[in-house]
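Residues per chain, in single letters:
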Amino acid sequence: MKKLLLAGALIAAAFQPAHAMEVNNLLSMFIETNVRNWSNQAILVDAIEAQNKKTSAYTLAEIEALDQQWRDEVGQRHGAMILPIVENPSSDFLRSQIDTSAGVITEILLMDAKGLNVAVSSPTSDYWQGDEAKYLETYPKGAAALHIGDVEFDESSQQYQFQVSMPVVDADGTVIGAITVGLNAEQFL
């Protein structure tokens, strides 16, 4: 019952026009001051660039097959496809950012140029984000793009959160991928 009451309050607050604008400003400020400074770190950029070399020629059919394989492995943290994404230095780096956020950041996922997972703080429900707003509203929109999703209940983190996404750029300022950061909605509403 407590979850239902909290959900109602969060959703009602998020849809008040003036409040929604204020919340978006707070989310943007948090991202600019607390995420942008580490989102283009070499450990993440190098991981995206390495994966972009592998995935650049993937067809939609190949991507969909990989996405299905990932979905089949969800719930098996040690699945052959999920394990290398969850257990790599970039994913460790993402988890360290969550650990230092004092509960504000709930999850992080890093995507390549196709919208495929490169690193994740915890397993996602799917491998391909390229058909979702977190990718479509960032990667193709340029280095300054920022996408703020609606408040939603996230099954993996078991919390209400906003997903805020932005491109990841290399040292030359070229967009090479995207990152999505789940933010605990209670911290911003």
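A brief report on the enclosed structure follows. (Residues numbered from 1 in each chain as written. Predicted model: local features only at pLDDT ≥ 70, side-chain atom pairs only at ≥ 80, totals over all residues. Heavy atoms only, no water.)

Another aspect to go through is the overall build of the protein chain. When helices and strands are tallied, the protein chain shows 8 helices and 6 strands. Going through the 189 residues of the protein chain one by one, you find that 48% of them count as buried. (Helix = DSSP H or I, 4+ residues; strand = E, 2+ residues; numbered from the N terminus. Buried < 20%, exposed > 50% of the residue type's maximum accessible area, 1.4 Å probe, protein only.)

This part is about the packing of helix H4 (residues 42-55) against helix H7 (residues 89-99). The relative placement of two packed helices is expressed as an angle between their axes plus a distance between the axes. Where H4 contacts H7, the two axes come as close as 9 Å, and the packing angle between them is 140°. Relative to H7, the element H4 lies oblique. Crossing handedness for the pair H4 and H7: left-handed. Residues Ile-43, Leu-44 and Ala-47 of H4 form the contact with H7, whose own contacting residues are Pro-89, Ser-90, Phe-93 and Leu-94. Class assignment of the residues belonging to the contact of H4 with H7 gives a composition of 6 nonpolar, 1 polar and no charged. (Axes fitted to C-alpha atoms, helices over the stretch in contact; angles between N-to-C directions. Parallel < 35°, antiparallel > 145°, perpendicular 65-115°, else oblique. Left-handed = near helix turned anticlockwise from the far one by under 90°. Contact = heavy atoms within 4.5 Å. Nonpolar A, V, L, I, M, F, W, Y, C, P; charged D, E, K, R; others polar.)

A few words on the pattern of salt bridges. Here the structure, examined in full by the defined rule, presents 6 salt bridges. Between Asp-67 and Arg-71 there is a salt bridge whose closest N-O contact spans 3.0 Å. A residue pair is termed a helical-turn pair when its members lie 3 or 4 positions apart in one helix, as Asp-67 and Arg-71 do in helix H5 (residues 60-73) at 4 residues. Classification of Asp-67 as buried rests on a relative accessible area of 9%. (Salt bridge = Lys/Arg side-chain N within 4 Å of Asp/Glu carboxyl O.)

Attention now moves to the packing of aromatic side chains. Scanning the model with the defined rule gives 4 aromatic pairs in all. Ring centres of Trp-38 and Phe-93 lie 5.9 Å apart, and the angle between their planes is 70°; this geometry places the pair in the edge-to-face category. A residue pair is termed long-range when its members are at least 10 positions apart, and Trp-38 in helix H3 (residues 36-39) and Phe-93 in helix H7 qualify at 55 residues. For Trp-38, a relative accessible area of 7% corresponds to the buried category. Residue class for Phe-93 comes out buried when judged on its relative accessible area of 18%. (Phe/Tyr/Trp six-rings, centres within 6.5 Å; stacked < 30°, edge-to-face > 60°.)

This brings us to the environment of Ile-176. With respect to the helices and strands, Ile-176 occurs in strand S6 (residues 175-184). Spatially, the C-alpha atom of Ile-176 lies 7.0 Å from that of Ile-48, the residues being 128 residues apart in sequence. In this view, Ile-176 contacts Val-45, Ile-48, Glu-49, Asn-52, Asp-112, Ala-113, Tyr-139, Val-168, Val-169 and Asp-170; residues no more than four positions away in its chain are not counted.

For a regular strand, the rule is simple: side chains alternate between the two faces of the sheet. Burial analysis of strand S1 (residues 105-111) places 7 of its 7 residues in the buried class, which makes it a mostly covered element. As paired strands, S1 and S6 are joined by 6 bridges and run antiparallel to one another. Residue pairing in the sheet places Leu-110 in a bridge with Ile-179 of S6. Two elements, S1 and strand S2 (residues 117-120), share 3 bridges in a ladder whose sense is antiparallel. Bridge pairing links Leu-109 to Val-120 in S2. Where S1 folds back on S2, the antiparallel hairpin that results is connected by 5 residues, among which Gly-115 adopts a positive phi of roughly 90°. (Pairing = 2+ DSSP bridges.)

The next thing to look at is H7. Within H7 the residues assigned to the buried category are Ser-90, Ser-91, Phe-93, Leu-94, Arg-95, Gln-97 and Ile-98. Its side-chain oxygen at 2.9 Å from the backbone nitrogen of Ser-90, Asn-88 defines the N-terminal cap of H7. (Polar contact = N/O pair within 3.5 Å; in protein donor to acceptor, adjacent residues only side chain to side chain.)

Judged by nonpolar contacts, the single largest core of 32 residues is most densely connected at Trp-38, Leu-94, Ile-105, Leu-110, Ile-179 and Leu-183. Only helix H2 (17-34), H4, H7, S1, S2, strand S5 (159-169) and S6 provide two or more residues apiece to this core. Looking at this core, the element that brings in the most residues is S5, giving 5 residues. For Ile-105, the contacting residues outside a window of four places in its chain are Phe-30, Val-35, Trp-38, Gln-97, Ile-98, Val-181, Gly-182 and Leu-183. Residues Trp-70, Ile-82, Met-111 and Ala-178 belong to the second largest nonpolar core, which totals 14 residues. (Core = buried A, V, L, I, M, F, W, Y, C linked by side-chain atoms within 4.5 Å.)

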